[in-house]
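# Coordinate analysis (summary)
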Amino acid sequence: FQAAAEDYTAILDIEKDDVKALEGRGKANQKGSHYIDAAADWSRLIEIDASNEAYFRQRGEANLGAREYQQALDDFEKSIELKRDAMQAYIGRAKVYSAMGDIEQSKREFERGIAVNDRYIPLFWTRGEMAYEWGDKDLAIASYRRVLALNGVYEDARRRLQRLG
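Sequence order as written defines the numbering, with residues in each chain counted from 1. Reporting of local features is limited, given that this is a predicted model, to residues whose pLDDT is at least 70; pairs of side-chain atoms are given and counted only at 80 or more, and all residues count toward the totals for whole chains, interfaces and linings. In computing side-chain values, all of the structure's heavy atoms are included and hydrogens and water are not.

### Some thoughts on the packing of aromatic side chains
By convention, a stacked pair of Phe, Tyr or Trp rings (six-membered ring in the case of Trp) has centres within 6.5 Å and planes under 30 degrees apart, an edge-to-face pair has planes over 60 apart, and any other such pair is tilted. Going through the model one piece at a time under the given rule, you end up with three aromatic pairs. Among the aromatic residues, ring-to-ring pairing joins Trp125, Tyr144 and Tyr154 into one connected group. Two limits define a charge over a ring: the Lys NZ or Arg CZ must be within 6 Å of the ring centre, and within 35 degrees of the ring normal. Directly above the ring of Phe124 sits Arg146, whose terminal nitrogen or CZ lies 5.5 Å from the centroid.

### Re the pattern of salt bridges
Salt bridges are identified by distance alone: a Lys or Arg side-chain nitrogen within 4 Å of an Asp or Glu carboxyl oxygen. Enumeration over the complete set of coordinates arrives at 16 salt bridges. The salt bridge partner of Glu109 is Arg93, with a shortest N-O separation of 3.1 Å. Taken together, the residues Glu109 in helix H7 (residues 103-116) and Arg93 in helix H6 (residues 87-99) connect sequence positions 16 residues apart. The two residues Glu109 and Arg93 agree in class, both being buried. One salt bridge in this structure joins Arg159 and Asp156, with 2.4 Å as the shortest N-O distance. With Arg159 and Asp156 both in helix H10 (residues 155-164) and three residues apart, this pair spans about one turn of that helix. Here a helix means four or more residues in a row that DSSP labels H or I, a strand means two or more in a row labelled E, and each is numbered from the N terminus. Burial classes follow relative accessibility: with a 1.4 Å probe on protein chains only, a residue under 20% of its type's maximum area counts as buried, one over 50% as exposed, and anything between as partly exposed.

### Let's talk about helix H9 (residues 137-150)
The length a helix should cover is 1.5 Å for every residue beyond the first. In this model, H9 (14 residues) spans 20 Å end to end at C-alpha, consistent with the 20 Å of a helix rising 1.5 Å per residue. Within the sequence span of H9, burial applies to Leu139, Ala140, Ile141, Ser143, Tyr144, Val147, Leu148 and Leu150. Residue contacts are counted whenever heavy atoms from the two residues lie within 4.5 Å of one another. Of the surrounding secondary structure, the elements contacted by the buried residues of H9 are H7, helix H8 (121-134) and H10.

### Let's talk about the environment of Asp18
As for its position among the elements, Asp18 is in the loop between helix H1 (2-14) and helix H2 (19-31). Considering only alpha carbons, one finds Asp18 and Lys95, 77 residues apart in sequence, at a separation of 31 Å.

### Re the nonpolar core
Val96, Phe110, Leu123, Tyr144, Val147 and Ala157 are the most contacted members of the largest nonpolar core, which totals 31 residues. The contact partners of Tyr144, leaving out residues within four places of it in the chain, are Trp125, Gly128, Glu129, Tyr132, Ala157, Arg160, Leu161 and Leu164. Residues Leu45, Tyr55, Phe56 and Ala62 belong to the second largest nonpolar core, which totals nine residues. Residues belong to a common nonpolar core when they are buried Ala, Val, Leu, Ile, Met, Phe, Trp, Tyr or Cys residues joined through side-chain atoms within 4.5 Å.

Structure (structure tokens):
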């Protein structure tokens, strides 16, 4: 990922506001766990286009990785403000609250997302994974069952249910 980030930097040395290069470097930095650098790229993109919810969501992910929890929450909320059905932003907020140790608020964030779209499989999958980590077997089972109800061939959900008994 470092090589990709360096390639994008070479482009940005020539054209500092090249959107595709900033997006590419931001993604490469995130994949390489260079969260502060990634957040800086997403911030520059937000300066260029503050109406793009994906930039706020991506910066939220970077800030979550950097453990800048309040900034991550603010970014995910702005993403939702710009696009009500930005489902990954609801998941992001739930992850932030979980990382902060506020499991109940994390669960509420999942419910908030479900109220917007109760057919978004990644929401239920992530809630199941996190519920399992929290030791909430009932919520994990309910989440994986919902995944299967939405997509009956989702074998990973079936395996998780078997593991949970």
